[in-house]
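# An overview of the molecular structure
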Amino acid sequence: MPETTTPGNATPETVLAGLPVVVIGAGPVGLAAAAHLVERSLVPLVLEEGPDVGASVRAWGHTRLFSPWEYNIDTAARRLLEAAGWASPDPQDLPTGAELTERYLEPLSATEALTGRIRTGTRVVAVSRSGLDKTRTAGREQTPFLVRIRRADGTVEDQLARAVIDASGTWCTPNPLGRAGLEAPGEAVARAAGYITDPLPDVTGRERQRFAGRHVLVVGAGHSAANTLLDLASLAEDAPGTRISWAIRSADVAKVYGGEDRDELAARGTLGTRLRRLVDSGAIAVHPSFTITGLTTRSGHVEVHARIPSRDQVLTVDLVVPATGFRPDLGPLSELRLDLDPAVEAPRQLGPLIDPEFHSCGSVEPHGERVLAHPEPGFYIVGMKSYGRAPTFLMATGYEQVRSIAAALSGDRAAADDVQLDLPETGVCSTDLGGSCDAPADSSEPADACCSAPQPVTLLTVPPVGQSALLPASQSTCC
């Protein structure tokens, strides 16, 4: 098992200074972190589990973000790109996940500053301190991090680092369908049998035949659920027999529609309006106060058992789409000293700022290195994963996080503390099950509809993927 080594007579300070800052994840926030580190004369090493940069984003490439390009491009990344002759997209256009990858992430990874500093096909399985477990305190701050990685061919390697920035997102760890935060009995069997899909399937594209003419149950009350419901409604227009059911845990579906025409991001507001009209027309059958208690797999269909206020109910469907939000995978970090909010599993100081019961995507206070710090010096969780189970993340927030952290790691305390963030107010990001804040590339909404807006779209958020601020990707891609 090879390990990065340093001369035996080197001081701890010299050892750390000669090591890279490991960034976990080559999505939008991870690559932004690398760009800011380079500008601060620090050496990044980006480790990406997928075969390419933006692996999670690619999996939901059919989906269009509700946030325009102006909120999706990091400042340091822009400077690297423009120095290489890159032409910026129209700041008001709404990119799809595929466009975000092709027009931004791929060119960024190919810049002279970052090329050679990104390893794909590399899964981080654990992070610790070299020679120290979680219980050891003496000399901890001067001891390099040990990042254990597994390559696609199964080989394992230990990489030393001066600091670690975890931007791996949450897309690979979706919330279960069952109650009390637990997987429902029979859920694993139904998933293995193909009756439970990925969180944001390509309903009108590559997976069209899977959904056409089927009875589909969408579970969840966030933007990912809304995206899939709108896609299914579009499919049902020319695929006879396609039926749409929608299950939510709350009693009132109206709050899911969000800000509608009051939303400062027009595309996101349009999402709620279009969804409300489909429900009102009867095209989507809503099942409120629906708590799943089990799933039974039958030949050709799955029975979804649920508890509703007055009785038990069984809903027989062909497919289930789990749009129930995501949670962070903290397993690889078990040997680090973390301080997490007990409810949302975000850094403790950040938790109250992002509680979805009180905050939307645009109302979160600017925050940087001090808020994201843990008792483990030099370790940070950023991007979608920094929000834990909260569904209110936007990419621009992650960009400011990593700018502040890079400044702190370079010793520029003043710049690290000067956190600023200008986000559009929304009020539509709070959901009962979680979800995310961004949305399929095409919309069937007529141009003269009362809810029409420039480039009407459906929404997704930036899992998480990693998704993320945006993030969903297929689990086969990143898990």
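Residues numbered from 1 in each chain as written. Predicted model: local features only at pLDDT ≥ 70, side-chain atom pairs only at ≥ 80, totals over all residues. Heavy atoms only, no water.

### Remarks on the overall build of the protein chain
Here is the rule we go by: The secondary structure listing takes helices from DSSP runs of H or I that are at least 4 residues long and strands from runs of E that are at least 2 residues long, numbered from the N terminus. Exposure is judged per residue with a 1.4 Å probe applied to protein chains only, and the accessible area is read against the type maximum: over 50% gives exposed, under 20% gives buried, and values in between give partly exposed. In these tables, accessible area is a Shrake-Rupley quantity obtained with a 1.4 Å probe, and a residue counts as shielded only by the protein chains included in the view.
The helix and strand tally for the protein chain stands at 14 helices and 16 strands. In the protein chain, which comprises 479 residues, the proportion classed as buried is 59%. With the model as given, the accessible surface of the protein chain reaches about 18200 Å², and the carbon-plus-sulfur share is 48%.

### Concerning the nonpolar core
Spelled out, the test is: We define a nonpolar core as any set of buried Ala, Val, Leu, Ile, Met, Phe, Trp, Tyr and Cys residues linked to one another through side-chain atoms lying within 4.5 Å. Residue contacts follow a heavy-atom distance rule, with two residues in contact if any of their heavy atoms lie within 4.5 Å.
The biggest cluster of nonpolar side chains holds 57 residues, and the ones touching the most others in it are Tyr104, Ile165, Ile354, Val382 and Leu409. At the level of secondary structure, the elements contributing two or more residues to this core comprise strand 1 (21-24), helix 2 (28-39), helix 4 (75-83), helix 5 (97-109), strand 7 (163-166), helix 10 (351-354), helix 11 (369-372) and helix 12 (395-409). Residue contributions to this core peak at eight residues, all from helix 2. Look past the residues within four positions of Ile165 in its chain and what remains in contact with it is Val21, Val22, Val23, Ile24, Ala33, Leu37, Tyr380, Val382, Ile405 and Leu409.

### What about the packing of helix 2 against helix 4?
When two helices pack together, you describe them by how their axes are tilted relative to each other and by the distance separating the axes. As a reminder of what qualifies: Only the stretch in contact is used when fitting a helix axis, every axis being a line fitted to C-alpha atoms; angles between N-to-C directions are given from 0 to 180 degrees. The cut-offs work like this: below 35 degrees is roughly parallel, past 145 is roughly antiparallel, 65 to 115 is roughly perpendicular, and the gaps in between are oblique. Residues were grouped as follows: Ala, Val, Leu, Ile, Met, Phe, Trp, Tyr, Cys and Pro as nonpolar; Asp, Glu, Lys and Arg as charged; and all remaining residues, including Gly, as polar.
For the pair helix 2 and helix 4, the least separation of the axes is 8 Å and the interaxial angle reads 75°. Here helix 2 is positioned roughly perpendicular relative to helix 4, judged by the angle of their axes. Within the contact between the two elements, helix 2 uses Ala35, His36 and Glu39 and helix 4 uses Thr75, Ala76, Ala77, Arg79 and Leu80. Class assignment of the residues belonging to the contact of helix 2 with helix 4 gives a composition of four nonpolar, two polar and two charged.

### A look at the sheet that holds strand 14 (residues 319-322)
Counted only if it meets this: Strands pair, by our definition, only if DSSP identifies at least two bridges between them.
Read from one edge to the other, the open sheet built from four strands follows the order 10-9-8-14, with strand pairing classed as parallel. Each edge of the open sheet carries a strand with a single partner, namely strand 10 (285-287) and strand 14. Strand-to-strand, the axes of this sheet are offset by a mean angle of 20°, without reference to chain direction. When strand 9 (residues 243-247) meets strand 10, the two strands line up parallel, connected through three bridges. When the sheet's bridge partners are listed, Ala247 is paired in strand 10 with His287. Where helix 8 (residues 223-236) meets the sheet, it contacts strand 8 (215-219), strand 9 and strand 14, and its direction lies at approximately 165° from that of strand 9.

### Notes on unusual backbone geometry
Backbone geometry follows two general trends: most residues other than glycine have a negative phi, and most peptide bonds adopt the trans configuration. Positive phi, close to 60°, is recorded for Ala180, a residue that is not glycine. Tracing the chain through its elements places Ala180 in the loop between strand 7 and helix 6 (187-192). Note on Ala180: relative accessible area 71%, which makes it exposed. At Glu345, a position not held by glycine, the phi torsion is positive, near 65°.

### Describing the side chain of His62
The criterion, for reference: Here a polar contact means two N or O atoms within 3.5 Å. Within protein one must be a hydrogen donor candidate and the other an acceptor candidate, and residues neighboring in sequence count only if both atoms are side-chain atoms.
Position of His62 relative to the elements: it lies in the loop between helix 3 (55-59) and helix 4. Only 3.3 Å separates the side chain of His62 from the backbone oxygen of Pro201, close enough to count as a polar contact.

### Structural notes on the sheet that holds strand 13 (residues 311-317)
Strand order in this open sheet of three strands is 11-12-13, and the pairing throughout is antiparallel. Edge positions in the sheet fall to strand 11 (291-298) and strand 13, since each has one partner strand and no second. Going from strand to strand, the sheet's axes swing by 20° on average, the running direction of each strand aside. Bridging between strand 11 and strand 12 (residues 301-308) involves seven bridges; their strand directions are antiparallel. Across the sheet, Arg298 pairs through a bridge with His301, a residue of strand 12.

### Some details on helix 2
Selection criterion: To estimate the expected span of a helix, subtract one from its residue number and multiply by 1.5 Å.
An ideal rise of 1.5 Å per residue puts 16 Å on 12 residues; helix 2 measures up with 17 Å between its terminal C-alpha atoms. Buried residues dominate helix 2, accounting for 11 of its 12 residues. Along helix 2, the positions that sit buried rather than exposed are Pro28, Val29, Gly30, Leu31, Ala32, Ala33, Ala34, Ala35, His36, Leu37 and Val38. Positioned one or two residues after helix 2, Ser41 has a phi angle of 60°, which is positive.

### Description of helix 12
Between its first and last C-alpha atoms helix 12 spans 21 Å; for 15 residues at 1.5 Å apiece the expected length is 21 Å, and the two agree. Most of helix 12 sits out of view: 15 of its 15 residues are buried. Looking one or two residues beyond helix 12, the residue adopting positive phi is Gly411, at roughly 95°.

### Focus on the packing of aromatic side chains
Applicable threshold: Ring pairs shown here join Phe, Tyr and Trp side chains whose ring centres sit within 6.5 Å, with only the six-membered ring taken for Trp; geometry is labelled stacked below 30 degrees between planes, edge-to-face above 60, and tilted in between.
Summed over all chains, the structure comprises two aromatic pairs. Relative to Phe326, the ring of Trp171 lies with its centre 4.8 Å away and its plane at 35°, an arrangement referred to as tilted. Pair noted here: Trp171 is in the loop between strand 7 and helix 6 and Phe326 is in the loop between strand 14 and helix 10, with a separation of 155 residues, a long-range link. Assigned by exposure class, Trp171 and Phe326 land together as buried. Here Tyr387 and Phe393 contribute two aromatic rings whose centre-to-centre distance is 5.1 Å and whose plane-to-plane angle is 75°, an arrangement assigned as edge-to-face.

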